[in-house]
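So you can see what is in the structure, the chains are spelled out below.
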Amino acid sequence: MSVNLQKSIVLVGMMGCGKSAVGSRLAMKLEVPFVDIDYEIEKNEGMPIAEIFKEKGEPHFRNLEKTTISDILSTRICVIATGGGAFINEETRALIKEKARSVYIQADFEVLLERVSRKNTRPLLEGGDKAAILRDLMEKRCPIYEKADIMVDSSSGAHNVVVDKIIEGLGI
Ligand code: S3P
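Residues numbered from 1 in each chain as written. Predicted model: local features only at pLDDT ≥ 70, side-chain atom pairs only at ≥ 80, totals over all residues. Heavy atoms only, no water.

Trainee: Help me get a handle on the overall build of the chain, residues and values and all.
Mentor: Along its length, the chain carries eight helices and five strands. Principal-axis analysis of the C-alpha atoms places the extent of the chain at approximately 45 × 35 × 25 Å. Taking the contacts inside the chain whose residues are at least 6 apart along the sequence as the reference set, 72% of them involve residues at least 24 apart. Accessible surface for the chain amounts to roughly 8500 Å². Of this, 48% is attributable to carbon and sulfur atoms. Distance between charge centroids for the chain: 2 Å, based on 24 positive and 26 negative side chains. (Helix = DSSP H or I, 4+ residues; strand = E, 2+ residues; numbered from the N terminus. Contact = heavy atoms within 4.5 Å. Areas by Shrake-Rupley, 256 points an atom, 1.4 Å probe, with all protein chains shown as cover. Lys, Arg positive; Asp, Glu negative; His and termini not counted. Charge placed at Lys NZ, Arg CZ, Asp CG, Glu CD.)

Structure representation (C-alpha cells):
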C-alpha cells in the first residue's frame, strides 16, 4: 500500500516485544524504508551492542542512541525500531514525541521472558536472574512506554496482525 506518511513511525517497548520483526513488516507494507537503531549503532561503531556497553559504558550507548535517532528523524521518513531503553531516556523520548508518531508494542511478561531467553546478546539481562531483571525493568519502564501515541498488544497475534493493528491505530 502506497501512503504519503507525514512523519516517521517509531516503535518502542521492551526487549523481545517484536519491534524489529514488526517494524520491518510494517515498513514493507507502507513501502517506506526500515531502520533498526541497534543495527545502525553497531554498524557505525563497528562493534556489537554488548561490546559498546562493556568498553564504553551505558551512558555512552544512550548518547549514541539519541544522536542516531535524531539524525534519522531529521533526514528521512521511515519506520524505526528502537532499542528498549531509547524511549526511557527523557531527551530521546522528547525527540520522538516531537518528530514522529510513536507506537508502544506491548507484550506480557511470560512472552517477553520466553523471547529474550533465546539469546544472550542483551547486556542488561546478563549476569543475573533474567526473569527478575526483566520484571524489574518492566515495572519501571512500562508506565513510560505508555506515553507513546498509541499502544498495540503483540502477545498473541502474528507479526502481520500487529502490523494491521498499528495501521488501524494510527489511522493510516
Ligand atoms: C536495551 C535493549 C536492546 C539494546 C540494548 C539495551 C534496553 O534492544 O538496545 O541491549 O535497554 O532495553 P532491544 O529492545 O531491541 O532488545
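Trainee: Could you give an account of the environment of Leu124, with specific residues and numbers?
Mentor: Positionally, Leu124 belongs in the loop between α6 (109-116) and α7 (130-145). A C-alpha to C-alpha distance of 9.4 Å links Leu124 and Leu137, two positions 13 residues apart in sequence. Excluding anything up to four places from it in sequence, Leu124 contacts Met15, Phe53, Glu58, Arg62, Ile133 and Arg141.

Remember that the coordinates give geometry; whether it matters functionally is a separate question.
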